[in-house]
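Listed below are the residues making up each chain.
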Amino acid sequence: MVDSNKWGMVVDIDRCTGCQGCVVACQSENNIPINLEEHFNQRRAIQWIRIERYWEGEYPDVKARFIPIMCQHCGSAPCEPVCPVYATYHNNEGLNVQVYNRCIGTRFCANGCPYHVRFFNFWEPEWPESLKNQLNPDVTVRSRGIMEKCSFCVQRIQRSTRESERDNEILEDGDRGLNPACVNACASNSLIFGNFNDPDSTVSKMKEDAMQEGGRGYRLMENLGTDTNVIYLRKVGESVVEAPHG
Amino acid sequence: MIPGDFQPQKPTGNQLAKLGVLGVVLLGIFIGIVLVLTFVISSWMGRPVIFGHDGPDQPIEFPHETHVEELGMDCTFCHRTVEKEAAASVPATGLCMTCHSSVGDDLEGITKMRSLYEDGRSIHWVRVHRVPDHVHFVHEAHIRYFSEKDGVEAKDVCATCHGDVASMDKVQQNRALKMGDCVNCHKQNNAPTDCVTCHY
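In this text, all values refer to a predicted model and were calculated from it rather than measured experimentally.

Draft legend 1. Structural detail: the side chain of D12 of chain A. All names here are of chain A. Along the chain, D12 turns up in strand β1 (residues 7-12). The class for D12 is buried, based on a relative accessible area of 5%. Excluding residues within four positions of it along the chain, D12 makes contact with S190, R216 and L233.

If you want it as structure tokens, here you go:
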């Protein structure tokens, strides 16, 4: 057992099939309003996790490449120092936390974020009558005028830690529904969640393996020095090229 | 008469009317300020100072006194999930009917409850205790901590925040349940004060 947790994720690009299962799971777990076509057209759709698609090669030899992108929970986050009301801050478990009741909607953080994973609620969220009972009671419904973003499903982390404390057990990988909704939904195990401070966790081992010389690991926009808590593993195969995001 | 001497003048009818209007307007402003102040003080204290400070009216008068003090039932008998879940939960009418299918025939509330039970409907209790928006309060963790710390049973922990509900005829909120209150208690008990402990 480690003193403090440092939550993080490993994303294996090689396994991702671009099925959007994580996107749907996230939408329903976190009470994200339904994105209509006009929201996408205005670039105001809210997606805490999205699949970016890239084409590699020239027709007819093209290959589709998918990269799931969620909040990278940067260790040195560009969004945090710009908030005038401390609505976003780094907690001691490595999470970049958005505090909804502090947020006044200046949108400075969204401008600062190089990954485009912070979203502003331009409208009061609405659901059709038939979907009102599917809202998750453990997650706040964000009102108009505030920012939101991936929280690594902090409600699940809180519940799992609380339950493991209650039963005097050590919280391990995937115990008690610790995983975020996207990780649970991922059919190809492309997303792996865990505690980087625990040397025995799957993510720690994968990170160690991937980040060594010649490993597959990289961080998105590593040159910015954001020190993210999400590690990506690049494609395996003949045409190994660094994802165009890097 | 010395020129420039003060001469009291009788106000004309027009002036009187103007003064009257001014008086009414000032009185209106005064009442407005008092109402606003009452609202501000009420919200600061976390409960109303004039209207409804003795708790809201419930659809059925449920005397906690009778059930808890006279009959000696535990809080956890009805609020069943309080030791296991985030919410304390209010029981379904089926639980009431375990006794009240034969007890309390002549009481108005019981008749009402029985007819609701037969129709398969629930009682729409008015919520008394409410934490501010964006707060996720978990009963289970608090009950567990205090019962371990003080070495008491779960039912004796409730009064820490809810007051002596057992002797209340009509349940009312007796602690403001505002963030300062929460944070003070968390600090005293070395509980985490990270925002994300409650706000998510």
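Draft legend 2. Seen up close, the domain arrangement of chain B. Each assigned domain of chain B is listed here: domain 1 (25-54) and domain 2 (64-90 + 125-197). Put simply, the middle of domain 1 of chain B and the middle of domain 2 of chain B, counted by C-alpha atoms, are 28 Å apart.

Draft legend 3. How the structure looks around the pairing of strand β2 (residues 50-56) of chain A. Residues and elements named next belong to chain A. Two elements, β2 and strand β3 (residues 63-69), share seven bridges in a ladder whose sense is antiparallel. The partner of E56 across the bridge, within β3, is K63. Hairpin connection, β2 to β3: the antiparallel pair is bridged by six residues, and G57 has positive phi, about 90°.

Draft legend 4. Structural context of helix α4 (residues 154-166) of chain A. Residues and elements named next belong to chain A. In a regular helix each residue adds 1.5 Å, so 13 residues correspond to 18 Å; α4 covers 18 Å between its end C-alpha atoms and thus fits that length. The set of residues buried in α4 consists of V154, Q155, R156, I157, Q158, S160, T161, R162 and S164. N168, located one to two residues past α4, shows a positive phi value of around 50°.

Draft legend 5. Structural view of the nonpolar core. Residues and elements named next belong to chain A. Counting 55 residues, the largest nonpolar core has M9, M70, F152, L191 and Y232 as the members making the most contacts within it. Counting residues per element, the ones that place at least two in this core are β1, α1 (21-29), β3, β6 (119-120), α4, α5 (181-185), β8 (191-195) and β10 (230-233). Membership of the second largest hydrophobic core comes to seven residues, among which are I192, V203, A210 and I231.

Draft legend 6. Quick look at the interface of chain A and chain B. Taken together, the contact pairs 18 residues of chain A with 13 residues of chain B. Both faces considered, chain A and chain B share a buried interface measuring about 1,500 Å² in area, 57% of it formed by carbon and sulfur atoms. By the criterion of area lost to chain B, the three top residues of chain A are N101, R162 and R166 of chain A, representing 34% of everything that side buries. Inspection of the chain A/chain B interface yields one salt bridge. Here the side of chain A that touches chain B gets six residues from one element, more than from any other, and that element is α4 of chain A. Here the residues of the side of chain A that touches chain B sort into seven nonpolar, six polar and five charged.

Draft legend 7. Main features of the layout of surface pockets. All names here are of chain A. Put simply, the second largest pocket is a space of about 470 Å³. As for the second largest pocket, its lining consists of 19 residues, of which R43, R44, A45, R118 and F119 are closest to the centre. Secondary structure elements with two or more residues in the lining of the second largest pocket: α2 (37-41), α3 (108-112) and β6.

Draft legend 8. Here's a closer look at empty space enclosed by the protein. Under the definition given, this model contains six cavities of 30 Å³ or more. The volume enclosed by the largest cavity comes to roughly 120 Å³. Lining of the largest cavity is provided by 16 residues; of these, Q98, Y100, S151 and V154 of chain A together with Y200 of chain B occupy positions nearest its centre. Among the elements of the structure, β5 (96-98) and α4 of chain A are those that each provide at least two residues to the lining of the largest cavity. It is β5 of chain A that provides the largest number of residues to the lining of the largest cavity, a total of three residues. The residue inventory of the lining of the largest cavity, partitioned by class, reads nine nonpolar, six polar and one charged.

Draft legend 9. Expanded view of the packing of helix α4 (residues 93-100) of chain B against helix α5 (residues 108-118) of chain B. All names here are of chain B. Contact pair α4 / α5: the axes reach a minimum separation of 10 Å and the direction vectors enclose 125°. By the angle between their axes, α4 is oblique relative to α5. Crossing of α4 against α5: the hand is left-handed. Seen from α4, the contacting residues are T93, G94, C96, M97 and H100; seen from α5, they are I110, M113, R114 and Y117.

Rules behind the numbers
Residues numbered from 1 in each chain as written. Chains lettered and ligands numbered in written order. Predicted model: local features only at pLDDT ≥ 70, side-chain atom pairs only at ≥ 80, totals over all residues. Heavy atoms only, no water. Helix = DSSP H or I, 4+ residues; strand = E, 2+ residues; numbered from the N terminus. Buried < 20%, exposed > 50% of the residue type's maximum accessible area, 1.4 Å probe, protein only. Contact = heavy atoms within 4.5 Å. Domains from an automatic or database assignment. Pairing = 2+ DSSP bridges. Expected span 1.5 Å × (residues − 1). Core = buried A, V, L, I, M, F, W, Y, C linked by side-chain atoms within 4.5 Å. Buried area = accessible area lost by both parts, 1.4 Å probe. Salt bridge = Lys/Arg side-chain N within 4 Å of Asp/Glu carboxyl O. Nonpolar A, V, L, I, M, F, W, Y, C, P; charged D, E, K, R; others polar. 1 Å grid on protein atoms, 1.4 Å probe; cavity = no way out; pocket = protein on both sides within 12 Å on 5 of 7 lines; lining within 4 Å. Points joined across faces, edges and corners; volume = space filled by probe spheres on them. Axes fitted to C-alpha atoms, helices over the stretch in contact; angles between N-to-C directions. Parallel < 35°, antiparallel > 145°, perpendicular 65-115°, else oblique. Left-handed = near helix turned anticlockwise from the far one by under 90°.

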